[in-house]
Amino acid sequence: MNAGAGIDERERTTRLRPRAWTELLLVLGLFLAYKIGRLVVDGRVSDAFADAHLIWDIERALRLPDEAAVQRVLLSAEALVRAANVFYAVVHFPATIAFLVFMYCFRPDHYLRFRRILAWLTAIGLVIHFAFPLAPPRMLGGLGLIDTAAVYGPSVYGPPQADTLSNQYAAMPSLHVGWALVVAAGFIHATRSRWRWLWLAHPIVTMLVVAGTANHYWLDGVVAAILVGVLLMATSRQEHPSPAVPMQVRRASTGTDGPRKAVVNAGAAAVSPAEAGVETAKP
């Protein structure tokens, strides 16, 4: 057993994993910022409804599916619509927190990247919420949509005028969909199971739920997906860069009395990372 290698591995993991209490404060800060976003749209309710009609018209011009079609499927069975309401109410935050805890404890090499993506996505989302307040489709009359949570329960929102704990005019982008995409991308990237691609079901189900319960438009999810894609590309980097392979130089003779020449071989005679004394990252 190589005790020195074990110590080096523990030290490397410790460097990659930030202090737990600082991470907890950061996550709590993001959560509070997400909640107090309601305060920055006071007095802009009329703008939120005008933007809602604009988004609805754009979706119809783009021939996107009507959100009412998904809602009709949910309303075909009361158990189904209640399950969708429960999913909307209780999965969003716990799933994201569980993802961060898993990455922090078991995938520290990838934790910082995906925590930063979540932080940047939330910050950009809050800026868009301020610049482009948007009433969700459940608030618009004449669309053939109902507020499924208010009718069937459970509901996480009170009357918009009295709700000081959440921003109900912040539909664009959908952070429900955005966070679900980050969770799926993180698990797919950081794990090696052949079943890991099933994590894509999480953002797909989330998108269907938020549209079917009339909490978001399709474009809310599209914008969230674009932001996540940009952040994934912006943070993509070789997390364990391959070590530089030293070139080997060997002597070759052209003859008994001929001059010697140096032959550089950087391909077939490449030194492996282990031979070069570089510790390789475990999958």
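Residues numbered from 1 in each chain as written. Predicted model: local features only at pLDDT ≥ 70, side-chain atom pairs only at ≥ 80, totals over all residues. Heavy atoms only, no water.

Chemist: Any chance you could break down the side chain of His-176 for me, citing the residues and the numbers?
Modeler: One can find His-176 in helix H9 (residues 175-190). Polar contacts involving the side chain of His-176 include one to the main-chain carbonyl oxygen of Tyr-88, which spans 3.4 Å. (Helix = DSSP H or I, 4+ residues; strand = E, 2+ residues; numbered from the N terminus. Polar contact = N/O pair within 3.5 Å; in protein donor to acceptor, adjacent residues only side chain to side chain.)

Chemist: Could you give me a rundown of unusual backbone geometry, with the residues and numbers involved?
Modeler: The amide bond that connects Gly-153 to the next residue, Pro-154, takes the cis arrangement and shows omega of -10 degrees. As for its placement among the helices and strands, Pro-154 is situated in the loop between helix H8 (148-152) and H9. Here the amide bond leading from Met-172 into Pro-173 is cis, since omega sits at -10 degrees, within 30 degrees of zero. Relative to the assigned elements, Pro-173 resides in the loop between H8 and H9.

Chemist: Describe a nonpolar patch on the surface, naming the residues involved and giving the relevant values.
Modeler: Residues Trp-21, Leu-24, Leu-25 and Leu-28 make up a contiguous nonpolar surface patch of about 460 Å² in total accessible area. Residue position: Leu-25 is located in helix H2 (residues 20-36). On the basis of relative accessible area, Leu-25 is assigned to the exposed category, the value being 53%. (Patch = residues over 30% accessible without salt bridge, like charges linked within 9 Å, V, L, I, M, F, W, Y side chains within 5 Å. Areas by Shrake-Rupley, 256 points an atom, 1.4 Å probe, with all protein chains shown as cover. Salt bridge = Lys/Arg side-chain N within 4 Å of Asp/Glu carboxyl O. Buried < 20%, exposed > 50% of the residue type's maximum accessible area, 1.4 Å probe, protein only.)

Chemist: Explain the nonpolar core residue by residue, including any values.
Modeler: Judged by nonpolar contacts, the single largest core of 19 residues is most densely connected at Phe-99, Met-103, Tyr-111, Phe-114, Leu-118, Leu-121 and Val-182. Mapped onto this core, the elements with two or more residues apiece are helix H6 (92-106), helix H7 (108-131), H9 and helix H11 (218-235). With near-sequence residues (within four places) excluded, Leu-118 lies in contact with Thr-96, Phe-99, Leu-100, Trp-179 and Val-182. Formed by 17 residues, the second largest nonpolar core is a distinct cluster that contains Ala-48, Ala-52, Trp-56 and Met-172. (Core = buried A, V, L, I, M, F, W, Y, C linked by side-chain atoms within 4.5 Å. Contact = heavy atoms within 4.5 Å.)

Chemist: Outline the environment of Gly-29, listing residues and values.
Modeler: With respect to the helices and strands, the residue Gly-29 is situated in helix H2. In this structure, the C-alpha to C-alpha distance between Gly-29 and Ala-119, residues 90 residues apart in sequence, is 10.0 Å.

Chemist: With reference to specific residues and values, describe the side chain of Thr-191.
Modeler: Positionally, Thr-191 belongs in the loop between H9 and helix H10 (201-212). At 2.4 Å, the side chain of Thr-191 and the backbone oxygen of Phe-187 are in polar contact. The residues contacting Thr-191, other than those within four sequence positions of it, are Phe-102, Arg-107 and Arg-196.

Chemist: Give a description of the packing of helix H5 (residues 78-90) against H10 that names residues and reports values.
Modeler: Here H5 crosses H10 at 115 degrees, and the two axes come no closer than 10 Å. Here H5 is positioned roughly perpendicular relative to H10, judged by the angle of their axes. Helix-helix and strand crossings are classified by hand; for H5 and H10 the assignment is left-handed. Residue-level contacts link Ala-84, Phe-87 and Tyr-88 of H5 to His-202, Val-205, Thr-206, Val-209 and Val-210 of H10. Within the contact of H5 with H10, the residues separate by chemical class into six nonpolar, two polar and no charged. (Axes fitted to C-alpha atoms, helices over the stretch in contact; angles between N-to-C directions. Parallel < 35°, antiparallel > 145°, perpendicular 65-115°, else oblique. Left-handed = near helix turned anticlockwise from the far one by under 90°. Nonpolar A, V, L, I, M, F, W, Y, C, P; charged D, E, K, R; others polar.)

Chemist: Quick rundown of the packing of aromatic side chains? Include the residues and the values.
Modeler: A complete count under the given rule lists nine aromatic pairs for this structure. When the centroid spacing of 5.1 Å and the interplanar angle of 80 degrees are considered together, the rings of Phe-99 and Phe-187 count as edge-to-face. Taken as a pair, Phe-99 in helix H6 and Phe-187 in helix H9 lie far apart in primary sequence, 88 residues in all. The buried category is assigned to Phe-99, whose relative accessible area is 1%. Look at Phe-187 and Trp-199: their rings are 4.2 Å apart centre to centre, the planes differ by 20 degrees, and that puts the pair in the stacked class. Highlighted residues: Phe-187 in helix H9 and Trp-199 in the loop between H9 and H10, separated in sequence by twelve residues. Residue class for Phe-187 comes out buried when judged on its relative accessible area of 9%. These aromatic residues form a ring-pair network of at least three members: Phe-99, Phe-102, Phe-106, Phe-114, Phe-187 and Trp-199. (Phe/Tyr/Trp six-rings, centres within 6.5 Å; stacked < 30°, edge-to-face > 60°.)

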